[in-house]
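Architecture at a glance
Given next are the chains, with one letter for each unit.
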Amino acid sequence: MSALTALTLAQARDGLKRKDFTARELSLAYIKAVEAARPLNAFLKETPERALAMAEESDARLAKGRALPLDGVPIAVKDLFCTEGVETTAGSKILKGFVPPYESTVTANLWRAGACMLGKTNLDEFAMGSSNITSAYGHVESPWRRPGDNRPLVPGGSSGGSAAAVAARAALSAIGTDTGGSIRQPASFCGIVGLKPTYGRCSRWGIVAFASSLDQAGPMTRDVRDAAIMLQAMAGHDPRDSTSADMKAPDFEQAVGQSVKGLKIGIPKEYRIDGMPKEIEALWQRGISWLKDAGATAVEISLPMTRYALATYYIIAPAEASSNLARYDGVRFGLRVPGETLDEMYENTRGAGFGAEVRRRILIGTYVLSAGYYDAYYLKAQKVRTLIARDFDQAFQACDAILTPTAPSAAFAIGEKMDDPIAMYLNDVFTVPVNLAGLPGISVPAGLSGEGLPLGLQVIGRAFDEAMVLRVGSAIESAAKFEAKPQFMAGKA
Amino acid sequence: MTIKGKSGDWEVVVGLEIHAHVTSKAKLFSGASTTFGAPPNTQVSTVDAAFPGMLPVINRFCVEQAVKSGLGLNAQINLTSVFDRKNYFYADLPAGYQISQYSRPIVGKGKIVLDMPDGSPREIGITRLHLEQDAGKSLHDQHPSQTYVDLNRAGVALMEIVSEPDIRSAEEAGAYLKKVRSILRYLGTCDGNMEEGSLRCDCNVSVRKPGGKLGTRCEIKNVNSVRFVMQAIDYEARRQIGVLEEGGKIDQETRLFDAAKGETRPMRSKEESHDYRYFPDPDLLPLVLDKAWVEKLRAGLPELPDAKKARFVKDYKLSPYDAGVLAGEREDAEYFEIVAKSRDPKLASNWVTVELFGVLNKSGKTIADSPVKAQDLGELIDLIADGTLSGRLAKDVFAAMVETGKDAKSIVAAKGLKQVTDAGEIEQAIYAVLAKEPAAIAKYRAGNAKLLGYFVGQVMKATQGKANPAMLNELLKKKLSG
């Protein structure tokens, strides 16, 4: 493995400043790694020329001693972020060939901070999925394998391409989006750090919408410090997004490594779900003792509405999606399949353009918003959502952060769980409540399963308290000393 | 008002939904321009065209316009309102939903008073006013088999103003529409231009036996003039009465008004079978208004038609009818007040409502492009007051003003139209006329007093109308009796 691709973002940043290597050299190493990672199908589009051009600009600034925070950092972008002049598909056939004439706010912020674009990563179609199986451009394989078992595994989803790329050292870091766990669950499956910020912390402008009240962009990185550095560049108020929070971000990196002594860590009793594997429970207990050893106190808390969270999510998210995806009608951009009448053109286009999971969710969403069903489904779900948020509010009166497993299992093989959407939806059981409440959550790799696959722990914080999440996350990270590497490493020497 | 049917009297029950384009340079949720008549698809942002990842941001000015309109309609301003998505597929609706307000509109209940021709006041309730986006335009006449879409209008801010079903006749509906239009134009929140589609109207019409249960209503969509609204309601009411009296029943349906034939007919059923699946737009936070800001807008409202009419009656001693006519349009009222300034208000009112409006009506112009400026009309009245012009001469001068756009004084000077007030000059003219009319004089002296008018006319003719009428009358009588 190339020494350069082994570095964390923070290490690379410092090395660039010390002129140990140039941004061009770093980008070239990653461009090679991206090529080597092709068997994973993590990238839908590689943009090596762009990465090099950006790296050269970074080198010019570095030479003048005027480095920007992310100068020379090669990153991968989930193909849900619109990137000016670079095809953006959302993993769907319906957007094939769509080249946005604008740049999303979050990616624009990253480029303004000096980051270099390696390419666009694969994802579940319109970010709907937990396995990266629903992409119209083929599934992503995890760089991990169960030792002694060569069956390919899913990287998790929907930000599976980004997670696989970071884990396989084919990107120094990546960005994803998280609507119900789409950053944290693949981070857990791939043994990397994934941070979902508070709803409103990062602008949604220019991100292809799945469920507008839940979608939030966040970083996927090698370690917690890198997540803090990335978030710093991504975050900020955007007047073009009415739901973006008009507040200044604190210094996130400063929170990393701060002592957790005296902190109260909430352990929600309702997260001990039926059928949860023993090793997940054991990992959770280890996490609790690590934090106790570091001086924190564990307190039992109650989040009684947890058991309604999945059902609530699978009403609200499809409802919003059914409306958000109405614009893909073949009239103005993307795929058009002609028909005799306007309605026929719609039917042909949307029938051919959307995959089965997207169609399923559009149908669910349309149903729960329909006259006669709205009150029983959508309205009730909104009420439960309010109660879920209230659960967290009350819990945070007694604790500073909450610790839970990220997902109820390690990665599964491609083909497993595929025929049962409900089993697939269960993947999100620990992550979904956080989106419904709009809170920040991080997944930190904490150990290996019995099968030798990564498992993550999730830290949840109060709204806009990402600093606390990073602080507790880094304490878990230091104690866990997770150093296992995937079997497939793209960034090779 | 009732309509007589074969089975007796019927009462018409009408509620109107007015769609008024908000006067604003930019659209409701994007910065794109709203100028009417630009080439197709030149005023479209990626937000209006619903490109992936684009988000709406509310235009503060449009909110201000809606609040002002609500205040002008004497309505409750809701300090918290919510934008919802109304979902349906159509080629000129790029997002597949229209952002509108459903359960929590920005403006609640209000009322306005109509000025009916017989002078009686008539109060009509306003149910609500909400903000929403307009759709684009489908152009079906550009290609033999395809439809073109122009998105210039997509996203333009509309106010939907819904009345209570308080309207009882086509005439009242017309008066209501005119009154709302007048208020919005006073406020500058909608230009009221019905030809350009800035103001459109849906009419909900039902009929019932007086005092009976409400009948089933039909909605007539997109009627675009006051006259058509009245025609459509009248036609629709009579149609419904006909159906009911034949023993039929009214189907609740959406109908179109065919202006050429003067009739309504049902829309294709497919166009109305929508389940709009309204839900709060997650891209927009609830709209929360500051009470102090609303009060500031209230304090800054211009004088509105009702107040202006009352003031005209009180201060200028105009009849309620004339005051109502002058206060109907802000520009008319402003014009009148310039003319009336330190002049006889009744004379000013007559000249504006009779002479000027007569000319404007004939030429199809509005007061904004009147050939006679208010100041010039005022000066014409001054020339009457100081005796320079008789009423009759003034009309000639006015006609010349309309013709040439010149002011009264220069026309008087150029044409030598100054009134003759010299008694000697008038007497000379009288002598000349009487000398030729011995027979008529004899008849007059024999008791035919009506002939006085004839003599006046002859002398006026001889002086080209310039003789001061009062002096002429007096001198002529003296001569004839002497």
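All values reported here derive from a predicted model rather than from experimental measurement. (Residues numbered from 1 in each chain as written. Chains lettered and ligands numbered in written order. Predicted model: local features only at pLDDT ≥ 70, side-chain atom pairs only at ≥ 80, totals over all residues.)

**A short note on the overall build of chain A**
Looking only at helices and strands, chain A features 17 helices and 12 strands. Taken over C-alpha atoms, the radius of gyration comes to 21 Å for chain A, in line with the 23 Å a tight globule of 493 residues would show. Each of the three principal axes of chain A carries a C-alpha extent, and together these read 65 × 50 × 50 Å. Across the 493 residues that make up chain A, the buried fraction comes to 62%. Of the contacts made within chain A by residues no fewer than 6 positions apart, 78% connect residues no fewer than 24 positions apart. (Helix = DSSP H or I, 4+ residues; strand = E, 2+ residues; numbered from the N terminus. Rg over C-alpha atoms; globule rule 2.2 N^0.38 Å. Buried ≥ 20, exposed ≤ 12 C-beta atoms within 10 Å, placed from the backbone. Contact = placed C-beta atoms within 7 Å.)

**A short note on the environment of K248 of chain A**
Counting through the fold element by element, K248 of chain A comes out in the loop between α8 (224-234) and α9 (252-255). Note: C-alpha distance between K248 of chain A and L283 of chain A (35 residues apart in sequence) is 35 Å.

**Regarding the interface of chain B and chain A**
Between chain B and chain A, the contact holds 25 residues from the first and 34 residues from the second. For the side of chain B that touches chain A, the class distribution of residues is 17 nonpolar, four polar and four charged. (Nonpolar A, V, L, I, M, F, W, Y, C, P; charged D, E, K, R; others polar.)

**Digging into the packing of helix α1 (residues 60-72) of chain B against helix α4 (residues 291-299) of chain B**
All names here are of chain B. Running from amino to carboxyl end, α1 crosses α4 at an angle of 60°, the nearest separation of the two axes being 10 Å. Of the possible angle classes, the one that applies to α1 and α4 is oblique. You can see that α1 and α4 cross each other, and the crossing is right-handed. Counting all contacts with α1, which are made through E64, V67, K68 and L71, the residues of α4 involved are V294, L297 and R298. (Axes fitted to C-alpha atoms, helices over the stretch in contact; angles between N-to-C directions. Parallel < 35°, antiparallel > 145°, perpendicular 65-115°, else oblique. Left-handed = near helix turned anticlockwise from the far one by under 90°.)

**Looking at the domain arrangement of chain B**
Residues and elements named next belong to chain B. Under the domain assignment used here, chain B contains domain 1 (2-296), domain 2 (302-415) and domain 3 (423-481). Each of domain 1 and domain 2 has a C-alpha centre, and the two are 36 Å apart. Between domain 1 and domain 2, the contact holds nine residues from the first and 10 residues from the second. At the level of secondary structure, the elements contributing two or more residues to the side of domain 1 that touches domain 2 comprise β6 (110-115) and α2 (170-187). In terms of residue count, the dominant contributor to the side of domain 1 that touches domain 2 is α2 (five residues). Per-class residue counts for the side of domain 1 that touches domain 2 are four nonpolar, three polar and two charged. (Domains from an automatic or database assignment.)

**Description of the environment of I367 of chain B**
Residue and element names in this part refer to chain B. Tracing the chain through its elements places I367 in the loop between α8 (345-363) and α9 (374-385). Residue classification places I367 among the partly exposed positions, given that 19 C-beta atoms sit within 10 Å. The sequence separation of I367 and D332 amounts to 35 residues, and the corresponding C-alpha distance is 6.4 Å. Setting aside anything within four residues of it in sequence, one finds I367 in contact with E329, E331, D332, Y335 and L360.

**Remarks on helix α5 (residues 305-316) of chain B**
All names here are of chain B. End to end, α5 covers 15 Å across 12 residues, agreeing with the expected 16 Å (1.5 Å per residue, within 8%). If you check which residues of α5 are buried, you get P305, K308, K309 and F312. Here the buried residues of α5 occupy an arc of 100° about the axis, which is enough to place them on one side. Within α5, the exposed residues directed more than 90 degrees away from the buried face are K314 and D315. Against the buried residues of α5 lie α2, α6 (320-327) and α7 (330-340). Trailing α5 by a residue or two, K317 shows a phi angle of about 55°, which is positive. (Expected span 1.5 Å × (residues − 1). Arc of directions from axis to C-beta.)

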